[in-house]
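Architecture at a glance
Now for the letters of each chain:
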Amino acid sequence: MIRSIRLDAVLVQAVIAGALSFAHLHDLAAAAGQDGWKAWAYPVSVDLLLVAAWRRLRILRAQGEPARAAWTWFAVALTASLGANVATAGLLDLNDVPDWLRILVAGWPALAFLGGTLLVHAPTAPAAADAEPVEPLPVVEPLTVPAEPAPAPEPDAVKPSEPVPALPAAPPPVDVPPALVDHARKLADAHRATTGTPIDAATLRDRLGLPGPMADQLAAHLA
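Below: a short report on this structure. (Residues numbered from 1 in each chain as written. Predicted model: local features only at pLDDT ≥ 70, side-chain atom pairs only at ≥ 80, totals over all residues. Heavy atoms only, no water.)

**Some remarks on the packing of helix H2 (residues 37-63) against helix H3 (residues 68-91)**
Formally: Every angle, taken between N-to-C directions, lies between 0 and 180 degrees, and every axis is a line fitted to C-alpha atoms, over only the stretch in contact when it is a helix. A run of H or I in DSSP becomes a helix once it reaches four residues, and a run of E becomes a strand once it reaches two; helices and strands are each numbered from the N terminus. Orientation labels follow simple angle bins: below 35 degrees gives roughly parallel, above 145 gives roughly antiparallel, 65 to 115 gives roughly perpendicular, and whatever is left gives oblique. A crossing counts as left-handed when the near helix is turned anticlockwise from the far one by less than a right angle, and as right-handed when that turn is clockwise. Contacts were defined at the residue level, with two residues in contact if any of their heavy atoms lie within 4.5 Å. Amino acids are sorted into nonpolar (Ala, Val, Leu, Ile, Met, Phe, Trp, Tyr, Cys and Pro), charged (Asp, Glu, Lys and Arg) and polar (every other residue, Gly among them).
Their axes nearest at 8 Å, the elements H2 and H3 cross at an angle of 150°. Relative to H3, the element H2 lies roughly antiparallel. H2 and H3 meet at a crossing whose hand is left-handed. Residues Val 46, Leu 49, Leu 50, Ala 53, Trp 54, Arg 56, Leu 57 and Leu 60 of H2 lie in contact with H3, whose contacting residues are Ala 70, Trp 71, Trp 73, Phe 74, Ala 77, Leu 78, Ala 80 and Ser 81. Of the residues that constitute the contact of H2 with H3, the class distribution is 14 nonpolar, one polar and one charged.

Structure follows, in structure tokens:
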């Protein structure tokens, strides 16, 4: 079964426009001194740079990156193509091409080679569809360690009963003669008059030569 061929108006228009632009570039290159196969190579060089710049523009715009360099080379190729079309429309005498145009045509191969190299070898980030999917890391929940119960307070150790020290036995009461009390009172009055302080049991013991318990009883009588 033979498929029917459908002609696209846009495709036909593109072929016609490309052929005319190709012819204008060839005529201009030939008029500028580039004869033979070189005149046919100039249109190919200009159109290839234009296509490469446009492709680079689409890639950079899809990635959201700046495309200033691609726009620059696209404008250079478009200027070369449009300039050749305008120059061959009768505004320029192709039999007497000016020197500056000859210089531009002669320097075009180096300029086109530089632009094509920069466009092709510029680093490009991988597209989102081509990038390998990155598996998300598993979410690790923090471990909860149960709090240990506080140890129960230990009962106070039962301390062994310690023996309570016995209080010293009170000295037996000593009978003090009244005469000794009167004599001791006179000594106490003299001592107070001399020193200004009441007499104590130690002083009575020393003065009267009494034993300690009796001196204490005597001092208690004088208090």
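**Topic: the nonpolar core**
Condition: The term nonpolar core refers to a set of buried residues drawn from Ala, Val, Leu, Ile, Met, Phe, Trp, Tyr and Cys, joined through side-chain atoms within 4.5 Å. The buried label applies to any residue whose accessible area, calculated with a 1.4 Å probe on protein chains only, is under 20% of its type's maximum; exposed applies above 50%, and partly exposed to all values in between.
Among the nonpolar cores identified, the biggest contains 25 residues, and Leu 49, Ala 70, Val 105, Trp 108 and Leu 119 are the most heavily contacted of them. For this core, the secondary structure elements donating two or more residues are helix H1 (9-31), H2, H3 and helix H4 (99-121). When residues in this core are grouped by element, the largest group, seven residues, is from H2. Once you skip the residues sitting within four places of it in the chain, Leu 119 turns out to touch Leu 49, Ala 52, Ala 53, Arg 56, Ala 70 and Trp 73. Counting twelve residues, the second-largest nonpolar core is a separate cluster that includes Leu 180, Ile 199, Met 214 and Leu 218.

**Things to note about the environment of Gly 83**
Counting through the fold element by element, Gly 83 comes out in helix H3. For Gly 83, a relative accessible area of 34% puts it in the partly exposed group.

**Describing the packing of helix H5 (residues 178-195) against helix H7 (residues 212-222)**
Between H5 and H7, whose axes approach to 10 Å, the crossing angle comes to 70°. In this view, H5 runs roughly perpendicular relative to H7, as classed from their interaxial angle. Between H5 and H7, the residues in contact are Leu 180, Val 181, Ala 184, Arg 185 and Ala 188 and Met 214, Leu 218, His 221 and Leu 222, respectively. Along the lines of polarity and charge, the residues of the contact of H5 with H7 split into seven nonpolar, one polar and one charged.

**Considerations on the packing of aromatic side chains**
Counted only if it meets this: Side-chain rings of Phe, Tyr and Trp, where Trp is taken by its six-membered ring, are said to pair if the distance between their centres is within 6.5 Å; with planes under 30 degrees apart they count as stacked, over 60 as edge-to-face, and otherwise as tilted.
Overall, the coordinates contain three aromatic pairs when judged by the stated rule. Between the aromatic rings of Trp 54 and Phe 74, the centroid separation amounts to 5.8 Å while the plane-to-plane angle is 45°, which identifies the pairing as tilted. Of this pair, Trp 54 sits in helix H2 while Phe 74 is found in helix H3, placing the two residues 20 residues apart along the sequence. With a relative accessible area of 40%, Trp 54 lands in the partly exposed category. For Phe 74, a relative accessible area of 17% translates into the label buried. An aromatic cluster is present here, built from Trp 54, Trp 71 and Phe 74 joined pairwise through their rings.

**Re helix H6 (residues 201-208)**
Put simply, the rule reads: Read the arc as the range of directions from the helix axis to the C-beta atoms.
Turning to H6, its buried residues are Ala 201, Thr 203 and Leu 204. Here the buried residues of H6 occupy an arc of 160° about the axis, which is enough to place them on one side. Where H6 ends, the next residue or the one after it, Gly 209, has phi of about 65°, a positive value.

**Structural notes on H5**
The line we're drawing: Expected helix span is given by 1.5 Å per residue-to-residue step, counting one fewer step than there are residues.
Spanning 18 residues, H5 covers 25 Å between terminal C-alpha atoms, matching the ideal 26 Å at 1.5 Å per step. The set of residues buried in H5 consists of Leu 180, Val 181, Ala 184, Leu 187, Ala 188 and His 191. In a view along the axis of H5, the buried residues occupy a sector of 125°, so they form one face of it. In H5, the exposed residues that point more than 90 degrees away from the buried face are Pro 178, Ala 179, Lys 186 and Ala 193. Contacts made by the buried residues of H5 are with H6 and H7.

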